[in-house]
Amino acid sequence: MSRCKLIERETKETNISLTLDLDGTGQSVVDTGIGFFNHMLEGFAKHGFFNLKVSAKGDLIVDTHHTVEDTGIVLGLAIKAALGDKVGIKRYGSFILPMDDALVLCAIDLCGRPYFNYECEFSSERIGYLETQTIREFFYAISYSAGMNLHIKVLSGVNDHHICEAMFKAFGKALDAATSFDSRSNEVLSTKGML
C-alpha cells in the first residue's frame, strides 16, 4: 500500500503543490520563496524520514503569513490522505529534541480529532525572512487539516533559530513514530474500532 500523496491547492493568495511519502528516506525538494521556511521543511523531512516535494507560490509582497499557513493546510491534508484507514499504525508519537540551548517536546495523536496546544514565545519578530508569528499558524493548520492532536512545548531555549529548528525536527520525529506500523496489530488502535 502506497502512503505517498499529492495535494494541490490554489487560492487568490497562494498556489501550492505538495507531495508527501510517509515511507521515504528523508529526501526533499522545497521551494516556498522563504529561505528559512524551506530549511525548516527540509529538516522535518530529513529527520522524519519522509520524502517531501513542495512548490509554494504566495503573496510574499504582503507578508509570509498566507504562504506558511496554507502550506500547513496542504501538508495536513497530505498526511491525512497518506494515512488512509490508519490500520496497523502506532497512532501516538512523541519526541523531546535538543538543539544546543533549545529543548522542544512534541507529542502527537493521530486520532482524527483536531486539537492544538502550543507553548512558545519567540524573542524576535523574524528568523531570516520568516515571521515568527506564522510558525504557530503553520502547526495549527496541520493539526486541523490532518485531524491530529498536536502538542508542542518549548522546554528551554534562548536562540530563536535553534528553538524553531528543534520544533520542526521534533515534529518530524514524533510524526514518524505515530505513522509507523506496529507488527503486533492488524487493526485500528482504538477501542471504538475506528479513528
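Here we summarise the structure given alongside this text. Keep in mind the model is a prediction, meaning the values are calculated, not measured.

**Let's talk about the packing of helix 3 (residues 133-146) against helix 4 (residues 160-179)**
Next up, step 1: For the pair helix 3 and helix 4, interaxial distance at closest approach is 12 Å and the crossing angle is 10°. The angle between helix 3 and helix 4 places the two elements in the roughly parallel class. Residue-level inspection shows Ile135, Phe138, Phe139 and Ile142 of helix 3 in contact with helix 4, the latter providing Cys164, Met167, Phe168 and Phe171.
Next up, step 2: Residue composition of the contact of helix 3 with helix 4, grouped by class: 8 nonpolar, no polar and no charged.

**Some details on the environment of cysteine 164**
Next up, step 1: Tracing the sequence through the fold places cysteine 164 in helix 4.
Next up, step 2: Along the chain, cysteine 164 and valine 154 lie 10 residues apart, while their C-alpha atoms are 9.3 Å from each other.
Next up, step 3: Apart from the residues lying within four places of it in its own chain, the contact partners of cysteine 164 are Phe36, Met40, Phe122, Ile127 and Ile135.

**Focus on the nonpolar core**
Next up, step 1: Phe139 and Met167 are the most contacted members of the largest nonpolar core, which totals 57 residues.
Next up, step 2: With 10 residues, the top contributor of residues to this core is helix 4.
Next up, step 3: Contacts of methionine 167, omitting those with residues within four sequence positions, involve Val104, Tyr118, Cys120, Phe122, Ile135, Phe139, Ile152 and Val154.

**Quick word on helix 2 (residues 65-83)**
Next up, step 1: Between the first and last C-alpha of helix 2 there are 27 Å, a value that for 19 residues agrees with the 27 Å anticipated at 1.5 Å per step.
Next up, step 2: Two residues or fewer after helix 2 comes glycine 84, characterised by a positive phi angle close to 60°.

**Focus on the side chain of aspartate 21**
Next up, step 1: Summarising the element assignment, aspartate 21 is placed in strand 2 (residues 14-21).
Next up, step 2: Buried within the structure, aspartate 21 lacks any salt-bridge partner; arginine 3 is the closest side chain of opposite charge, at an N-O distance of 6.5 Å.
Next up, step 3: A polar contact is formed between the side chain of aspartate 21 and the backbone nitrogen of aspartate 23, at a distance of 2.9 Å.
Next up, step 4: Those residues within four positions of aspartate 21 in sequence are excluded, and the remaining contacts are Arg3, Cys4, Phe49, Phe50 and Asn51.

**Looking at the sheet that holds strand 4 (residues 51-58)**
Next up, step 1: The 4 strands are arranged 1-2-4-3 in an open sheet whose pairing can be described as mixed. At either margin of the open sheet sits one strand with a lone partner, and together these are strand 1 (4-10) and strand 3 (28-31). The mean angle between the axes of side-by-side strands here comes to 5°, regardless of whether they run parallel or antiparallel.
Next up, step 2: Relative to strand 4, strand 3 is paired through 4 bridges, and the arrangement is parallel. Considered in strand 4, the bridge of aspartate 31 is made with serine 55.
Next up, step 3: On top of the sheet, helix 1 (residues 35-48) reaches strand 3 and strand 4; it is set at about 160° to strand 3, its chief contact.
Next up, step 4: The sheet contacts of helix 2 involve strand 1, strand 2 and strand 4, and relative to strand 2 the element is tilted by about 35°.

Rules behind the numbers
Residues numbered from 1 in each chain as written. Predicted model: local features only at pLDDT ≥ 70, side-chain atom pairs only at ≥ 80, totals over all residues. Heavy atoms only, no water. Axes fitted to C-alpha atoms, helices over the stretch in contact; angles between N-to-C directions. Helix = DSSP H or I, 4+ residues; strand = E, 2+ residues; numbered from the N terminus. Parallel < 35°, antiparallel > 145°, perpendicular 65-115°, else oblique. Contact = heavy atoms within 4.5 Å. Nonpolar A, V, L, I, M, F, W, Y, C, P; charged D, E, K, R; others polar. Core = buried A, V, L, I, M, F, W, Y, C linked by side-chain atoms within 4.5 Å. Buried < 20%, exposed > 50% of the residue type's maximum accessible area, 1.4 Å probe, protein only. Expected span 1.5 Å × (residues − 1). Lys, Arg positive; Asp, Glu negative; His and termini not counted. Salt bridge = Lys/Arg side-chain N within 4 Å of Asp/Glu carboxyl O. Polar contact = N/O pair within 3.5 Å; in protein donor to acceptor, adjacent residues only side chain to side chain. Pairing = 2+ DSSP bridges.

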